[in-house]
Amino acid sequence: DAGVIQSPRHEVTEMGQEVTLRCKPISGHNSLFWYRQTMMRGLELLIYFNNNVPIDDSGMPEDRFSAKMPNASFSTLKIQPSEPRDSAVYFCASSLIGADYEQYFGPGTRLTVT
Amino acid sequence: AQSVTQLDSHVSVSEGTPVLLRCNYSSSYSPSLFWYVQHPNKGLQLLLKYTSAATLVKGINGFEAEFKKSETSFHLTKPSAHMSDAAEYFCVVSEGNYGQNFVFGPGTRLSVLP
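Draft legend 1. Molecular detail of the sheet that holds strand β1 (residues 5-7) of chain A. All names here are of chain A. Taken in spatial order, the four strands of this open sheet run β1-β3-β8-β7, and their pairing is antiparallel. Each having just a single partner strand, β1 and β7 (65-71) make up the two edges of the open sheet. Between one strand axis and the next, the sheet turns by 15° as a mean value, whatever way the strands run. Sheet topology note: the strand β3 (residues 19-24)/strand β8 (residues 74-79) ladder contains five bridges and is antiparallel. Each residue of the ladder has a partner; that of Leu 21, found in β8, is Leu 77.

Draft legend 2. View of the interface of chain A and chain B. Taken residue by residue, the interface counts 21 residues in chain A and 19 residues in chain B. A buried area of about 1700 Å², summed over both sides, lies between chain A and chain B, and 55% of it is on carbon and sulfur atoms. Our enumeration of links across chain A and chain B arrives at one salt bridge. The partner of Lys49(B) in a salt bridge is Glu102(A), and the shortest N-O contact between them spans 3.0 Å. Counting every contact that joins chain A to chain B gives four residue pairs in polar contact (both at pLDDT 80 or more). Counting only elements with at least two residues in the side of chain A that touches chain B, the list comes to β4 (31-38), β5 (42-50) and β9 (88-95) of chain A. When its residues are assigned to classes, the side of chain A that touches chain B shows 11 nonpolar, six polar and four charged.

Draft legend 3. Summary view of the state of the cysteines. Residue and element names in this part refer to chain A. Counted according to the given criterion, the structure contains two disulfides over all chains. Paired through a disulfide, Cys 23 and Cys 92 show a sulfur-sulfur distance of 1.9 Å. Taking the sign of the S-S torsion, -70° for the link of Cys 23 and Cys 92, the bridge is left-handed. Taken together, the residues span a long stretch of sequence, with Cys 23 in strand β3 and Cys 92 in strand β9 at a distance of 69 residues. Residues Cys 23 and Cys 92 agree in their burial class; the two are buried.

Draft legend 4. The arrangement of the packing of aromatic side chains in detail. A complete count under the given rule lists 17 aromatic pairs over all chains for this structure. Centroid distance Phe33(A) to Tyr35(A): 6.4 Å. Interplanar angle 25°. Geometry classified as stacked. Each member of the pair, Phe33(A) as well as Tyr35(A), is classed as buried. Following the ring pairs from residue to residue traces out a cluster consisting of Phe33(A), Tyr35(A), Tyr48(A), Phe91(A), Phe105(A), Phe34(B), Tyr36(B), Phe90(B), Phe102(B) and Phe104(B).

Draft legend 5. Inspection of unusual backbone geometry at higher detail. Residue and element names in this part refer to chain A. The peptide bond linking Ser 7 to Pro 8 adopts the cis configuration, its omega dihedral lying at -10°. With respect to the secondary-structure elements, Pro 8 resides in the loop between β1 and β2 (10-13). Note the cis peptide between Gln 80 and Pro 81, where omega equals -5°. By the element assignment, Pro 81 lies in the loop between β8 and β9.

Draft legend 6. Geometry of the environment of Gly62(B). Residues and elements named next belong to chain B. Here Gly 62 is to be found in the loop between β7 (56-58) and β8 (64-68). Among the residues examined, Gly 62 registers a relative accessible area of 44% and is labelled partly exposed. Distance in space between the C-alpha atoms of Gly 62 and Lys 78 is 6.1 Å, their sequence separation being 16 residues.

Reading the values: rules and limits
Residues numbered from 1 in each chain as written. Chains lettered and ligands numbered in written order. Predicted model: local features only at pLDDT ≥ 70, side-chain atom pairs only at ≥ 80, totals over all residues. Heavy atoms only, no water. Pairing = 2+ DSSP bridges. Helix = DSSP H or I, 4+ residues; strand = E, 2+ residues; numbered from the N terminus. Axes fitted to C-alpha atoms, helices over the stretch in contact; angles between N-to-C directions. Contact = heavy atoms within 4.5 Å. Buried area = accessible area lost by both parts, 1.4 Å probe. Salt bridge = Lys/Arg side-chain N within 4 Å of Asp/Glu carboxyl O. Polar contact = N/O pair within 3.5 Å; in protein donor to acceptor, adjacent residues only side chain to side chain. Nonpolar A, V, L, I, M, F, W, Y, C, P; charged D, E, K, R; others polar. Disulfide = S-S within 2.5 Å. Buried < 20%, exposed > 50% of the residue type's maximum accessible area, 1.4 Å probe, protein only. Phe/Tyr/Trp six-rings, centres within 6.5 Å; stacked < 30°, edge-to-face > 60°.

Pasting the structure below:
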């Protein structure tokens, strides 16, 4: 299996621009998670989906952030407009509900907002 | 509410000596516990997991951890450190529906000296 795939791996953008991060979960997995990692706050869960339905988005920092999962094999995390404080590494993870809860992580997208 | 404390932000050992990374958790229910490792500029990889089976859990690369409910601890150990073990290690507790609500500890950076 190819594992969780994220794109792009690196993104540099200017403040105010829209940023879209993409994730392809492991085939057959039915849960998908978006995390953000920063030096100050560590790893934070932003949102997760079960069977393409958002279950808990309480970690989404504000209305500038939105996430979608239109089908079982694709999800996006969008930031509009982006701000310098959004600079972080964003991870996507997937899992199979009931399979000992193990989450498999993608390589991450390093976002820099200037 | 669940939480994780990793008692050391940085641990330094010599190659060939034992490794001990400490983790204490707080959970209202019977938790699942995990250790993940993150090498520089990489995603997170699962080392091992405890999900209410045997309290001594063996993982990859010679790591193991023991769940001690009375001490609310889940310390990670390895008998002999290798240079390739140098990385960031995260202790994770999960509970809630399907155990999907992962809470990460702040991480412990392991340095291995030649």
